[in-house]
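Tertiary structure, described
So you can see what is in the structure, the chains are spelled out below.
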Amino acid sequence: MSGICLQARNLSVGYGGRAIIHGMELTLRRGEIMTLIGPNGAGKSTILKSVIRQLELVGGTVCLNGRDMARLTDREISRQLSVLMTAHVRPELMTCFDVAATGRYPYTGRLGLLTQADREKVAQCLELVHASSLADRDFSQISDGQRQRVLLARALCQEPEVLVLDEPTSFLDIRHKLELLAILKDMVRSRHLAVVMSLHELDLAQKISDVVVCVHGDCIERQGPPEEIFTARYMMELYGAARGSYNALYGSLELEAAA
């Protein structure tokens, strides 16, 4: 169990008590990036939402640092795990510093007042994601790429051991995709964090991941290191591409037009 911080055992997830994916076994270790890939609608977001308790589990257990998350309080979880989900965040009349500072609330009292130490932690996290210059800017007036960096700073302000990210590059252009993932990779290595996320971009998943989890049908069809997963034949099977090719060098599917 050494180094394991998040583990799913015989996990079934879905809606209204009906499992759409079942029998999952996942193990995430410190200093590791686990990436979920698969076709649109395969259930990647459903898995992540179930892990963070946004959706009720249909079956199985999720353990955080060896403890069943169902037995942990929200505050206990928020001190070990933080989340960055896909939805646009549009807080009113908040600076970027204010948004990042909400990540300190698991450590503040009932009034949510920040101490000087809390403010220093927020400043440090903004600096880590190269967003110090945004601290006094209106969060609603910055670009999508800048917002993602501020939200990542907020997640880091929780001082988590595990980061959960659902399509963190969805609204970004290629420059900001690469920038965000480079920052994330550095955080994992320098702070020994564990990350589980979903990505659509196969080339990015191939480059950044330590473990790739393939969601297909009603199960986890395959998981392993990128060099075992990203083969031309399997990528074509996973994405149901009847005609075309997979470019292993660039991590892209190239589909042929129907005759």
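So, here is what we can say about the structure in this document.

Calculation criteria
- Residues numbered from 1 in each chain as written.
- Predicted model: local features only at pLDDT ≥ 70, side-chain atom pairs only at ≥ 80, totals over all residues.
- Heavy atoms only, no water.
- Helix = DSSP H or I, 4+ residues; strand = E, 2+ residues; numbered from the N terminus.
- Expected span 1.5 Å × (residues − 1).
- Buried < 20%, exposed > 50% of the residue type's maximum accessible area, 1.4 Å probe, protein only.
- Contact = heavy atoms within 4.5 Å.
- Pairing = 2+ DSSP bridges.
- Axes fitted to C-alpha atoms, helices over the stretch in contact; angles between N-to-C directions.
- Salt bridge = Lys/Arg side-chain N within 4 Å of Asp/Glu carboxyl O.

1. Comments concerning helix α5 (residues 144-157)
Compared with an ideal rise of 1.5 Å per residue, which puts 14 residues at 20 Å, α5 spans 20 Å between its outermost C-alpha atoms and is within 8% of the ideal. Counting buried residues in α5 gives 12 out of 14 residues, a clear majority hidden from the surface. For α5, every residue scored as buried is listed here: Gly145, Gln146, Arg147, Gln148, Arg149, Val150, Leu151, Leu152, Ala153, Ala155, Leu156 and Cys157. Looking at the buried side of α5, the elements it contacts are β6 (81-84), α3 (96-101), α4 (116-128), β7 (162-166) and α6 (174-191). Backbone geometry just after α5 places glutamate 159 at a positive phi near 55 degrees.

2. Regarding the sheet that holds strand β4 (residues 59-64)
Spatial strand order, β2-β1-β4-β5: four strands in an open sheet with antiparallel pairing. Each having just a single partner strand, β2 (18-29) and β5 (67-68) make up the two edges of the open sheet. Bridge analysis of strand β1 (residues 4-15) against β4 gives five bridges, and the strand direction is antiparallel. Considered in β4, the bridge of serine 12 is made with glycine 59. Of the strands in this sheet, β1, β2 and β4 touch helix α1 (residues 44-51), which is tilted by about 120 degrees from β1.

3. Thoughts on the pattern of salt bridges
Throughout the structure, instances matching the rule amount to 10 salt bridges. Between aspartate 74 and arginine 53 there is a salt bridge; the shortest N-O distance is 2.6 Å. Here aspartate 74, found in helix α2 (residues 74-78), pairs with arginine 53, found in the loop between α1 and β4; they are 21 residues apart in sequence, far enough to count as distant. The exposure class of arginine 53 is partly exposed, given its relative accessible area of 32%. When the shortest N-O distance is used, the salt bridge between glutamate 201 and lysine 177 registers 2.5 Å. Of this pair, glutamate 201 sits in the loop between β8 (194-198) and α7 (202-208) while lysine 177 sits in helix α6; the two residues are 24 residues apart in sequence, bridging distant segments of the chain.

Worth remembering: the numbers are spatial, not functional.
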